Amino acid sequence: MQLPNLYAITDPIKYGEDFEKTLRKVLQRGVRMVQLREKTKSGRDYYNLALRVREITKEYSALLFINDRVDIALAVEADGVHLPEKGLPPSVVKRIAPKLIVGYSSHSIEEALYAQEEGADFITLSPIFKTSSHPEMEPLGLSYLREVSSKVSIPVYALGGITWEKLKLCYKNGAYGVAGISLFL
């Protein structure tokens, strides 16, 4: 399956009061891959939001990924799940939910190789640049992105501090695509 190159990650604070309106704006800008990321909602609230987001992504023929929660991904018939580094191993998700596309958050070559060996379909590599969402993390940089991209055969999405001006640099250094929160707002 050919994955889109732009990968939007939602954020309840940055998407604001009118979450659905903000999501529609992102999709109207041509993004066709969305990760619904909710770290504070209860399971039921996350599920209810995911149901609404599934309907919206269908309107735009966009792929929907649920962050960390395989159960919610299956319940709303999402296209995939995005696993944090401390989440379930990708191979477990592939076993229990073989139809789901599996993304994995990696922050090093070792994690990228682990994700690939485990059967992940793609990874995000972060942070490439300094980012306000994780100011404590040292940026990996473009040469690291190039190195990781050359060592794995699955798509690598550059994430972290990416602006429209830096987008081409990511592609020139091996990124399959770019992921972001603020980038698409």
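Model, not experiment: these values are computed from the prediction.

A. How the structure looks around the overall build of the chain. Each helix and strand in the chain was counted, giving seven helices and eight strands. The C-alpha atoms of the chain give 15 Å as radius of gyration, which agrees with the globular expectation for 185 residues (16 Å, within 12%). When the 185 residues of the chain are sorted by exposure, 50% land in the buried category. If you take every contact in the chain between residues at least 6 apart in sequence, the share linking residues at least 24 apart comes to 53%. Looking at the chain as shown, the accessible area adds up to about 9,100 Å², and 52% of this sits on carbon and sulfur atoms. On the chain, the mean spot of the 24 positive side-chain charges and the mean spot of the 22 negative ones are 4 Å from each other.

B. How the structure looks around the nonpolar core. The biggest cluster of nonpolar side chains holds 52 residues, and the ones touching the most others in it are Leu36 and Ile66. The leading source of residues in this core is helix H2 (residues 43-59), at five residues. Residues within four places of isoleucine 66 in sequence aside, it is in contact with Leu36, Tyr46, Ala50, Ile72, Ala73, Val76, Ala78, Gly80, Val81 and His82. One finds Tyr7, Ile9, Phe65 and Ala179 within the second-largest nonpolar core, a separate group that totals 12 residues.

C. Representation of the packing of helix H1 (residues 19-28) against H2 in the model. One way to put it is that H1 packs onto H2 with a least axis distance of 11 Å and a crossing angle of 30°. Classed by the angle they form, the pair H1 and H2 counts as roughly parallel. The two elements H1 and H2 meet at a crossing, and its hand is right-handed. For the pair H1 and H2, the contacting residues are Phe19, Glu20, Leu23, Arg24 and Leu27 in the first and Leu49, Arg52, Val53, Ile56, Thr57 and Glu59 in the second.

D. A look at the sheet that holds strand S8 (residues 177-180). The sheet built from eight strands closes into a barrel, its strands ordered S1-S2-S3-S4-S5-S6-S7-S8 with parallel pairing. The average angle at which neighbouring strand axes cross in this sheet is 25°, direction not considered. Relative to S8, strand S1 (residues 6-9) is paired through three bridges, and the arrangement is parallel. Looking at the pairing, tyrosine 7 lines up with alanine 179 of S8.

E. Up close: the pattern of salt bridges. Taken as a whole and assessed by the stated rule, the structure comprises six salt bridges. Across the pair arginine 52 and glutamate 20 runs a salt bridge whose closest N-O atoms are separated by 2.4 Å. Taken together, the residues arginine 52 in helix H2 and glutamate 20 in helix H1 connect sequence positions 32 residues apart. For glutamate 20, a relative accessible area of 26% gives the class partly exposed. Between glutamate 147 and lysine 151 there is a salt bridge, and its shortest N-O distance comes to 3.2 Å. With a gap of four residues between them, glutamate 147 and lysine 151 both fall in helix H6 (residues 142-151), about one helical turn apart. Look at glutamate 147 and you get partly exposed, because its relative accessible area is 33%.

F. A look at H2. The end-to-end C-alpha separation of H2 is 24 Å, in line with the 24 Å expected for 17 residues at 1.5 Å each. Among the residues of H2, Tyr46, Leu49, Ala50, Val53, Arg54, Ile56 and Thr57 are the ones counted as buried. Looking down the long axis of H2, one finds its buried residues gathered within 170° of arc, a one-sided arrangement. Exposed residues on H2 whose side chains face more than 90 degrees from its buried face are Arg44 and Glu59. Residues of H2 that are buried make contact with H1, strand S2 (33-36), strand S3 (63-67) and helix H3 (70-75). Once H2 ends, the next one or two residues include serine 61, with phi positive near 50°.

Conventions and cut-offs
- Residues numbered from 1 in each chain as written.
- Predicted model: local features only at pLDDT ≥ 70, side-chain atom pairs only at ≥ 80, totals over all residues.
- Heavy atoms only, no water.
- Helix = DSSP H or I, 4+ residues; strand = E, 2+ residues; numbered from the N terminus.
- Rg over C-alpha atoms; globule rule 2.2 N^0.38 Å.
- Buried < 20%, exposed > 50% of the residue type's maximum accessible area, 1.4 Å probe, protein only.
- Contact = heavy atoms within 4.5 Å.
- Areas by Shrake-Rupley, 256 points an atom, 1.4 Å probe, with all protein chains shown as cover.
- Lys, Arg positive; Asp, Glu negative; His and termini not counted.
- Charge placed at Lys NZ, Arg CZ, Asp CG, Glu CD.
- Core = buried A, V, L, I, M, F, W, Y, C linked by side-chain atoms within 4.5 Å.
- Axes fitted to C-alpha atoms, helices over the stretch in contact; angles between N-to-C directions.
- Parallel < 35°, antiparallel > 145°, perpendicular 65-115°, else oblique.
- Left-handed = near helix turned anticlockwise from the far one by under 90°.
- Pairing = 2+ DSSP bridges.
- Salt bridge = Lys/Arg side-chain N within 4 Å of Asp/Glu carboxyl O.
- Expected span 1.5 Å × (residues − 1).
- Arc of directions from axis to C-beta.

Keep in mind that these numbers describe shape and distance, not what the molecule does.
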